[in-house]
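Working through the structure, step by step
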Amino acid sequence: MERLSDNYYIEKVLAGETDSFAPLLERYGKQVFALIVKIVGGREDAEELAQDVFVKAFSSLSSFRGDSSFSTWIYRIAYNVAISTTRKRVREFIPLDEAMLSNVPDDPDETIFEDTDADMRIVYLNRALEQLPPEERAMITLFYKDNKSMEDIAFIAGLTETNIKTKIFRIRKKLLILIRSMERV
């Protein structure tokens, strides 16, 4: 079966064929849900928020200008909805100051997990990710799991590409510090 472009479905929806939104929901539903779960942490909350994202996307589809791909546009909506929800919650994150970050090598991936078996690597990484603020966890997820470009992440987060590169670099250093602290326990 031929896979039609996102723009094809968008044009159909904008022309009044609202059922044409369903293929977009099917195409991006799992990815949007996965991103939201990474940010908010709970599946139940993520299900509700994912529905909110697609309702917002549908109702504002006429504002989609095509400056980015539809997937990037909907990720931006999902990111904003999830971040907005997490900001309403009170949660403590481990603060890492400049001095701690300056003691980490410039390429944190080179030294990470030297003496750790594969199963523990995953456990440590997941624990470390949980300790990051939602915005940082989302950026790492978008870059490494979803293979989004720096340009796409900048659009999604509403920041400059340079700012995203800096943030991801610093987040990787934070992850290394968090993982090293777990290895010592």
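Data block above holds the structure.
So, here is what we can say about the structure in this document. Bear in mind that the values here come from a model prediction, so they are computed numbers and not experimental data.

Rules behind the numbers
Residues numbered from 1 in each chain as written. Predicted model: local features only at pLDDT ≥ 70, side-chain atom pairs only at ≥ 80, totals over all residues. Heavy atoms only, no water. Salt bridge = Lys/Arg side-chain N within 4 Å of Asp/Glu carboxyl O. Helix = DSSP H or I, 4+ residues; strand = E, 2+ residues; numbered from the N terminus. Buried < 20%, exposed > 50% of the residue type's maximum accessible area, 1.4 Å probe, protein only. Arc of directions from axis to C-beta. Contact = heavy atoms within 4.5 Å. Axes fitted to C-alpha atoms, helices over the stretch in contact; angles between N-to-C directions. Parallel < 35°, antiparallel > 145°, perpendicular 65-115°, else oblique. Left-handed = near helix turned anticlockwise from the far one by under 90°. Nonpolar A, V, L, I, M, F, W, Y, C, P; charged D, E, K, R; others polar.

The subject of this paragraph is the pattern of salt bridges. Here the idea is simple: oppositely charged side chains can pair when their charged atoms come close. Tallied over the full model, the rule gives five salt bridges. Residues Asp6 and Arg27 are paired through a salt bridge, measuring 2.4 Å at the closest nitrogen-oxygen approach. With Asp6 in helix H1 (residues 6-14) and Arg27 in helix H2 (residues 22-40), this pair connects stretches of sequence that are 21 residues apart. An identical accessibility class is assigned to Asp6 and Arg27; each is buried. Here Glu17 makes a salt bridge to Lys12, at a shortest N to O gap of 3.7 Å.

Before going further, it helps to spend a moment on H1. Taken as a whole, H1 has its buried residues at Asp6, Tyr9, Ile10 and Val13. All buried residues of H1 lie within an arc of 100° about the axis, which places them on one face of the element. Where the residues of H1 are buried, they touch H2, helix H3 (43-59) and helix H4 (70-87). Note on H1: the residue one or two positions beyond its end, Gly16, has a positive phi of about 105°.

Position of Arg127 among the secondary structure elements: in helix H6 (residues 118-130). Spatially, the C-alpha atoms of Arg127 and Met182 are 8.8 Å apart, while their sequence positions differ by 55 residues.

When two helices pack together, you describe them by how their axes are tilted relative to each other and by the distance separating the axes. Between H2 and H3, the least distance of the axes is 9 Å, while the angle of their chain directions is 135°. The angle between H2 and H3 places the two elements in the oblique class. At the point where H2 passes H3, the crossing takes the right-handed sense. Across the interface between the two elements, Leu24, Leu25, Tyr28, Gly29, Val32, Phe33, Ile36, Val37 and Val40 of H2 pack against Arg43, Asp45, Ala46, Glu47, Leu49, Ala50, Val53 and Phe54 of H3. Its residues assigned to classes, the contact of H2 with H3 comprises 13 nonpolar, one polar and three charged.

Don't take any of this as a statement about function, it's just geometry.
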